[in-house]
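# Chains, contacts and geometry: an overview
Spelled out, the chains give:
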Amino acid sequence: MTISQVASLWLDALTANYAAKSTSRKYSYVTRLLSIHFTEKPLAKITTADLQGFRATRKVKASTAHGEIQILKTFFGFCEDQGFITVNPARKLKMPRLRQAEKTPYTQEEIIRILAAADKVSDSTYARLRAKAALLLMRHHGLRISDAIGLRRDAISQVGGQWRLRLRTKKTGAAIDHLVPDVVLEALGLLPPPYGTRTPEYYFCNGAGSPGSTLTNMQSILRKVYRLSGVKGAYSHRFRCTRASEILLAGGSLHDCALALGISDRVVEKHYSRFMAEQRDRLDRLMLKATNREYQEATI
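Read on for a plain summary of the structure. Not measured: the values here are computed from a predicted model.

Procedures and definitions
- Residues numbered from 1 in each chain as written.
- Predicted model: local features only at pLDDT ≥ 70, side-chain atom pairs only at ≥ 80, totals over all residues.
- Heavy atoms only, no water.
- Disulfide = S-S within 2.5 Å.
- Phe/Tyr/Trp six-rings, centres within 6.5 Å; stacked < 30°, edge-to-face > 60°.
- Helix = DSSP H or I, 4+ residues; strand = E, 2+ residues; numbered from the N terminus.
- Buried < 20%, exposed > 50% of the residue type's maximum accessible area, 1.4 Å probe, protein only.
- Lys NZ or Arg CZ within 6 Å of the ring centre and 35° of its normal.
- Arc of directions from axis to C-beta.
- Contact = heavy atoms within 4.5 Å.
- Pairing = 2+ DSSP bridges.
- Axes fitted to C-alpha atoms, helices over the stretch in contact; angles between N-to-C directions.

## Topic: the state of the cysteines
- The final tally for this structure, using the stated rule, is 0 disulfides.
- Of all cysteine sulfurs, the one in Cys257 lies closest to Cys241, which takes part in no disulfide; the gap is 9.4 Å.

## Concerning the packing of aromatic side chains
- For the structure on display, the rule yields 6 aromatic pairs.
- For the ring pair Tyr106 and Phe239, a centre distance of 4.8 Å and an interplane angle of 50 degrees mean the geometry is tilted. Of this pair, Tyr106 sits in the loop between α4 (62–81) and α5 (108–118) while Phe239 sits in helix α10 (residues 238–249), placing them 133 residues apart in sequence. An identical accessibility class is assigned to Tyr106 and Phe239; each is buried.
- With centroids separated by 3.8 Å and ring planes inclined at 15 degrees, the aromatic side chains of Tyr126 and Tyr195 adopt a geometry described as stacked. On the criterion of sequence distance, the pair formed by Tyr126 in helix α6 (residues 125–141) and Tyr195 in the loop between α8 (182–189) and α9 (211–229) is long-range, its members being 69 residues apart.
- Each residue in the set Trp10, Tyr27, Phe75 and Phe76 is aromatic and connected to the rest through ring pairs, giving one cluster.
- Over the ring of Tyr202 we find Arg152, and its NZ or CZ is 5.3 Å from the ring centre.

## Overview of helix α3 (residues 48–56)
- When α3 is considered as a whole, its buried residues turn out to be Thr48, Asp50, Leu51, Phe54 and Arg55. The buried side chains of α3 occupy one side of the element, clustering within an arc of 155 degrees when seen end-on.
- Here the buried face of α3 lies against α2 (21–37) and α4.

## Quick word on the sheet that holds strand β2 (residues 162–168)
- One open sheet holds the 3 strands; their spatial order is β1-β2-β3, and the pairing between them is antiparallel. On the outer flanks of this sheet lie β1 (156–159) and β3 (175–179), each paired with one strand and no other. Recorded for the sheet is a direction-independent mean angle of 35 degrees between the axes of neighbouring strands.
- Relative to β2, β1 is paired through 4 bridges, and the arrangement is antiparallel. Across the sheet, Ile156 pairs through a bridge with Leu165, a residue of β2.

## Side note on α8
- Val184, Ala187 and Leu188 are the residues of α8 that are buried. End-on view of α8: buried residues confined to an arc of 95 degrees, all on one side of the axis. Counted as exposed and oriented over 90 degrees from the buried face of α8: Asp182, Glu186 and Gly189.
- Looking at the packing, one finds that the buried side of α8 touches α6 and β1.

Quick look at the structure:
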């Protein structure tokens, strides 16, 4: 069996298990690189050293390398499970050491600058309105950009006299159920139908083209917004961090934050717990107590 033959079977299995299209694309890309690199080598003959040699050809950043190695481990694990190889050569590949990126919330002044930039980012009214609506969805609901751009019109409806946003996230399938503020409703109401559709089911996609291309186009216009705003280090995912910090500083629990963002309590604790008002106040008290103790010992 060649890598390309097994990769085709593996990707078919992923599709049968309802893997996201974005996941399948990433896996397909890595296995295509593998098949090119090992064109003349049978699957069963590939060793850990061979894979290390393949990794050496990939001049990518550590986070990308981490993801690709995980894909290699999963792919060769599938090969082992199916009996195509006797030993998984990717099992002993070492993961690169990653430095966790600092997650910094936006200040209110920075958010104002970003939203103002959206009003000036293009000569096209269509582009400006779409950028503004996407930014407000991320700002007020902490949505990932993929969930904002893939938002269906029936995801927002009146329940008991209140407008609510209800969806399941693309990444984890977690349920989101939020009240929708007037500023978001107004921005969505101003959106023209997506190009190429007469009866739109979505706010941003026309339902006919690739969701990936719609996302790519939106990311491109938002990068222009962030540059125009002058906000240092601005990017879409920071809105999730901002919303998380606001919930926790308002006295919300880790579980409250997890429900709001559609993630697990463990992820919130790992990435956002430092924003909790209780934790901050507790650390302040401990630091003050330590300082007072040091002062008392120095005066004895």
